[in-house]
Amino acid sequence: MQYRPLGRTGVQVSPLCLGAMMFGPWGNDDRADATRIIHRELDAGINFVDTADVYSAGVSEEIVGHALAGRREDVFLATKFFMPMNDDPNHRGGSRRWIIHEVENSLCRLGTDYVDLDQVHRPSPDTDVAETPRRAQRPGPPGQGPLPRVLVLLRVADRRGPVGLSRAEPGAVRHRAAAVIHPCARRRGGRAADHPALRHGHPDVQPARRRLGCRAAGARTPHPSRCRRLTRASGST
Amino acid sequence: MIMPANQRKLDVVEDLAQLAEAAGLSLIEMTSAFVINHPGVTSAIVGPRTMEQLDSYLPAAELTLSTEVLDRIDQIVAPASPST
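Residues numbered from 1 in each chain as written. Chains lettered and ligands numbered in written order. Predicted model: local features only at pLDDT ≥ 70, side-chain atom pairs only at ≥ 80, totals over all residues. Heavy atoms only, no water.

Moving on, we get to the overall build of chain A. Within chain A, the secondary structure is distributed over eight helices and ten strands. Here chain A, with 237 residues, has 54% of them falling under the buried criterion. In chain A, of all internal contacts separated by at least 6 residues, the share reaching a separation of at least 24 is 71%. (Helix = DSSP H or I, 4+ residues; strand = E, 2+ residues; numbered from the N terminus. Buried < 20%, exposed > 50% of the residue type's maximum accessible area, 1.4 Å probe, protein only. Contact = heavy atoms within 4.5 Å.)

Quick look at the structure:
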């Protein structure tokens, strides 16, 4: 299979991308079958997977996360935000407030520490979404700079309009682990910054979670109630 | 009762299906390859619901459409045509 460069990110992607909109109650609600489909795609050489928070109200992301267990590093994983996730007027859109919360929720459902590409799902004429990614960060552990939440944020104007690429920090992906463990460590009184898994930027956060006694979502599909606990522990609502 | 605009689209689909058959391709393979072959496209998102649908898309990743097929597609649907 011939891989192609994704813009100037330096990443090579397959000419086909697996769209996950049909996995879950919106389409194929047989999770085992959906997992088989995803695995068949990966085995065929496809390394690009696209989903969205809104697809089947989060179930698509959960299915993708489960199927990618053990193969996360083989995939350039994309998701989206913007569509309403419930009736709350602020659980949608392109505000900095919502992006910060919803990225955490997507990561939890996807069972991973990072997404490669997060896309603005709709055009946003009255919100400065282009400014948001530069500020969609969280302070890192003591001694470290701010941590990016996603590697690339792609602004999708609409299906016919221009597409802009803003901000790519592929080298910072390992540091994402600290932002996930830190809220748990704070809750239990530990010091996440001292943990060797974080000092060395190791991508496997499972041992770190066990050492810290953290019950946050790991590489397996998390139960949604755990995702809500993680969000509360981080201090966000 | 089919609306005239939709009937025109269905007629186009029929022409494309015949072109695909003449080129030894399924309609899915030809249309997916058409998107992938476009110089402005990095990757085409396909959203299968079933394994059978997935299997129908996969060959497109390795297909290069000939100039003749691309020209014939442009004759059936002119480039930059409106979608309706």
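Now for helix H3 (residues 96-110) of chain A. Residue and element names in this part refer to chain A. Its 15 residues place the ends of H3 21 Å apart at the C-alpha level, agreeing with the 21 Å of an ideal helix rising 1.5 Å per residue. Where burial is concerned, most of H3 is hidden: 13 out of the 15 residues are buried. Of the residues trailing H3, Gly 111 is marked for its positive phi of about 65 degrees. (Expected span 1.5 Å × (residues − 1).)

Attention shifts here to the pattern of salt bridges. Residues and elements named next belong to chain A. Applying the stated criterion across every chain, the model contains eight salt bridges over all chains. One salt bridge connects Asp 43 with Arg 71, and the closest N-O pair in it is separated by 2.9 Å. Residue Asp 43 is found in helix H1 (residues 31-43), and its partner Arg 71 is found in the loop between helix H2 (59-67) and strand S5 (76-81); the two are separated by 28 residues along the sequence. Asp 43 gets classed as exposed once you look at its relative accessible area, which sits at 58%. Looking at Arg 71, the relative accessible area reads 24%, which means it is partly exposed. Two residues, Lys 80 and Asp 50, come together in a salt bridge whose shortest N-O distance is 2.7 Å. With Lys 80 in strand S5 and Asp 50 in strand S4 (residues 48-50), this residue pair connects regions lying 30 residues apart in the sequence. Assessed through its relative accessible area of 9%, Lys 80 is described here as buried. Taking relative accessible area as the criterion, Asp 50 reaches 4% and is therefore assigned buried. (Salt bridge = Lys/Arg side-chain N within 4 Å of Asp/Glu carboxyl O.)

In this section: the packing of H2(A) against H3(A). Residue and element names in this part refer to chain A. Packing of H2 against H3 brings their axes to within 7 Å, and their N-to-C directions diverge by 45 degrees. It follows that H2 is oblique to H3 by the angle criterion. When H2 is examined against H3, the residues Glu 61, Glu 62, Val 64 and Gly 65 are found in contact with a partner set consisting of Ser 106, Arg 109 and Leu 110. Looking at side-chain class alone, the contact of H2 with H3 contains two nonpolar, two polar and three charged residues. (Axes fitted to C-alpha atoms, helices over the stretch in contact; angles between N-to-C directions. Parallel < 35°, antiparallel > 145°, perpendicular 65-115°, else oblique. Nonpolar A, V, L, I, M, F, W, Y, C, P; charged D, E, K, R; others polar.)

Let's shift gears to the pairing of strand S6 (residues 115-120) of chain A. Moving residue by residue along a regular strand, the side chains alternate between the two faces of the sheet. Residue and element names in this part refer to chain A. In terms of residue burial, S6 counts as a mostly covered element, since six of its six residues are buried. Relative to S6, S5 is paired through four bridges, and the arrangement is parallel. Paired with Phe 81 across the strands is Val 120, a residue of S6. For the segment spanning S5, H3 and S6, crossover handedness is right-handed. (Pairing = 2+ DSSP bridges. Right-handed = clockwise from strand over helix to strand, strands pointing away.)

Quick look at the interface of chain B and chain A now. Think of interface size as the accessible area that goes away when the parts come together; that is how it is often given. In this assembly, 18 residues from chain B lie in contact with 23 residues from chain A. Carbon and sulfur atoms supply 64% of the area buried between chain B and chain A, which totals about 1,800 Å² over both sides. Linking chain B to chain A there are one salt bridge. B:Asp55 is the partner of A:Arg40 in a salt bridge, and the nearest nitrogen-oxygen pair spans 3.1 Å. Run the count over chain B and chain A and you get twelve residue pairs in polar contact (both at pLDDT 80 or more). Of all the elements in the fold, those that place two or more residues in the side of chain B that touches chain A are strand S1 (44-46) and helix H3 (51-57) of chain B. (Buried area = accessible area lost by both parts, 1.4 Å probe. Polar contact = N/O pair within 3.5 Å; in protein donor to acceptor, adjacent residues only side chain to side chain.)

Counting through the fold element by element, B:Pro59 comes out in the loop between H3 and helix H4 (67-76). Sequence-wise, B:Pro59 and B:Met30 are 29 residues apart; in three dimensions their C-alpha atoms are separated by 9.5 Å.

Next up on the list: the nonpolar core. Formed by 43 residues in total, the largest nonpolar core has its most connected members in A:Leu16, A:Phe23, A:Ile38, A:Val64 and B:Met30. Setting aside its immediate chain neighbours within four residues, A:Val64 contacts A:Ala20, A:Ile38, A:Val49, A:Thr51, A:Leu77 and A:Leu110. In this structure, A:Cys17, A:Phe76, A:Ala78 and A:Leu117 belong to the second largest nonpolar core, which totals seven residues. (Core = buried A, V, L, I, M, F, W, Y, C linked by side-chain atoms within 4.5 Å.)

Before going further, it helps to spend a moment on the confidence of the model for chain A. Predicted coordinates in areas of low pLDDT are best not read in detail. All names here are of chain A. Taken residue by residue, chain A gives an average pLDDT of 67. The fraction at 70 or more is 54%. Taken element by element, the predicted model of chain A shows its lowest mean pLDDT in strand S10 (residues 163-168) (27) and its highest in H2 (98). Within the model, pLDDT remains below 50 along residues 153-237, and this stretch shows 139 contacts once partners closer than five positions in the same chain are excluded. (pLDDT = per-residue confidence, 0-100.)

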